[in-house]
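Each chain is listed here by its residues.
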Amino acid sequence: ARLPHHHHHHRRHRHRASTRLRMAKCDCGVCDGEGRIVGGLGAIFPWAPKAYRPCPVFEAKGGQYLTRSGKAARYGEIGVEPSQQSRSYMFDELGVSVALKQAPSRYVASADGTGFVSWGGGFALAELLQRGGGGGVPALPASFEGVRVMELGTGLGLVSIVAAMLGAEVTATDGVTDLVQLATANAEANLPPAQRARFRAAALRWGDDAGLRELVASVGAPDVVVMADTVYDSNRGAWGALVETLTALGSGAVCEAPRVVVWAHASRDDSSRTALDAEILAPLRLSYDVTELKQSSLHPAYQGSNLRMFAMTPKGP
């Protein structure tokens, strides 16, 4: 199946951003004149990344996105499409497409219901992982072969699936049992047997130190911890529990501390940004050195967006 194209504004960026063949403007009256039909949350809210789909009239006239290497660009739409049964994302470095089954009938735009659809931060984080230490996080390994990765709030499993593709031993966790099952199904659908053997999904509620200890005893202490789109205003009551779990990992209280925690977060309004700094980042700085990545380190589609990417390295004893 043909994946939706994505338009990139930063054509000189180090990643293989898309460029467009020169041709007459499209006069269909639906697209932007250059073959892009805007969709996703970005079409409604200025803070959200815009998602695009190709204009069939433009394509019928010969319009086509090309990468700099001359291949047709196949980036999936970035943003959230809660009505879709599946979402697909292309990862150039790996040369693979990951197709995620969503559960739109289970989606609720608050609390635990948000995990049943794919959010853009997961793609941005997974794309950064495929670049390893060259992605702006020096603490990330150059190779993930044999590296133990734990994801908090995995949802549909995208970040963990890509980590397994990179060779990591992955434990994808979520506090919602149905999401653990959905992430497992997505892994089985996307990973060949050798990679599938490196993927495990498990239930873990934030703040459950006993459950975390039991899990770590089973799978080993993680070298890298990842999480994407795990914090938003409607789950603010769970923020303290997330901090508790991250502190337990970073302080060495339950196992040897990971080398780094990488977190993709969409900052949706000023009030939540202030609360995030006070209720999450400030307490985490007691156990971690926290660095916010420059947006130039992100996939071009997210530069200038509301996405924030944090790298947190444990301070040690």
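Everything numeric here is computed off the predicted structure, so don't read it as measured data.

Draft legend 1. A look at the pattern of salt bridges. Under the definition given, this model contains four salt bridges. A salt bridge links D178 to R106; the shortest N-O distance between them is 2.9 Å. With a gap of 72 residues between them, D178 in helix α4 (residues 177-190) and R106 in the loop between β6 (96-101) and α2 (120-129) connect regions that are remote in the sequence. On the basis of relative accessibility, which here comes to 38%, the residue R106 falls in the partly exposed class. R131 serves as the salt-bridge partner of E127, at 2.7 Å between the closest nitrogen and oxygen. Given a relative accessible area of 5%, E127 falls into the buried group. The exposure class assigned to R131 is buried, which follows from its relative accessible area of 11%.

Draft legend 2. The nonpolar core, seen in detail. Counting residues in each nonpolar core, the largest one holds 50 residues, and the members touching the most others are L125, L129, L140, F144, V149, V262 and M309. Ranked by the residues each element gives to this core, the list is headed by helix α3 (residues 158-165), at seven residues. Beyond its immediate stretch of four places on either side in the chain, V149 contacts F144, A163, A168, E169, V170, T171, V224 and V226. Core analysis: the second largest hydrophobic core is formed by 30 residues, V243, V254, Y288 and M312 among them.

Draft legend 3. Spatial organisation of the packing of aromatic side chains. Following the criterion strictly, the structure yields four aromatic pairs and no others. Ring geometry for Y89 and F123: centres 5.3 Å apart, planes at 25°, overall stacked. With Y89 in strand β5 (residues 86-91) and F123 in helix α2, this pair connects stretches of sequence that are 34 residues apart. For F123, a relative accessible area of 0% translates into the label buried.

Draft legend 4. Expanded view of the sheet that holds strand β11 (residues 260-266). Reading across from one edge, β9-β8-β7-β10-β11-β13-β12 is the order of the seven strands in this open sheet, with mixed pairing throughout. Either end of the sheet is taken by a strand with one partner, and the two such strands are β9 (199-203) and β12 (288-292). Across this sheet, the average inter-strand angle for adjacent strands is 20°, counted without regard to direction. In this structure, β11 lies alongside strand β13 (residues 307-314), joined through six bridges in antiparallel fashion. Bridge pairing in β13 places H265 opposite R308.

Draft legend 5. Seen up close, the pairing of strand β7 (residues 148-152). Burial of β7 is extensive: four of the five residues sit out of reach of the surface. Handedness of the crossover is the feature at issue here: the chain leaves β7, passes through α3, returns alongside strand β8 (residues 169-174), and the resulting connection is right-handed. Bridge count between β7 and strand β10 (residues 224-228): three bridges; the pairing is parallel. Note that in β10 the partner of E151 across the bridge is V226.

Draft legend 6. Region of the structure containing α3. Along α3, eight of the eight residues are buried, which leaves the element largely enclosed by surrounding structure. Along α3, the positions that sit buried rather than exposed are L158, V159, S160, I161, V162, A163, A164 and M165.

Draft legend 7. Representation of the environment of R87 in the model. Mapped onto the elements of the fold, R87 is located in strand β5. On the basis of relative accessibility, which here comes to 5%, the residue R87 falls in the buried class. Sequence separation of R87 and W119 is 32 residues, and the distance between their C-alpha atoms is 9.9 Å.

Draft legend 8. Examining the environment of L307 more closely. With respect to the helices and strands, L307 occurs in strand β13. In this structure the C-alpha to C-alpha distance between L307 and G120, which are 187 residues apart in sequence, comes to 8.8 Å. Look past the residues within four positions of L307 in its chain and what remains in contact with it is G121, A124, A264, H265, A266, Q295, L298 and Y302.

How each quantity is defined
- Residues numbered from 1 in each chain as written.
- Predicted model: local features only at pLDDT ≥ 70, side-chain atom pairs only at ≥ 80, totals over all residues.
- Heavy atoms only, no water.
- Salt bridge = Lys/Arg side-chain N within 4 Å of Asp/Glu carboxyl O.
- Helix = DSSP H or I, 4+ residues; strand = E, 2+ residues; numbered from the N terminus.
- Buried < 20%, exposed > 50% of the residue type's maximum accessible area, 1.4 Å probe, protein only.
- Core = buried A, V, L, I, M, F, W, Y, C linked by side-chain atoms within 4.5 Å.
- Contact = heavy atoms within 4.5 Å.
- Phe/Tyr/Trp six-rings, centres within 6.5 Å; stacked < 30°, edge-to-face > 60°.
- Pairing = 2+ DSSP bridges.
- Axes fitted to C-alpha atoms, helices over the stretch in contact; angles between N-to-C directions.
- Right-handed = clockwise from strand over helix to strand, strands pointing away.

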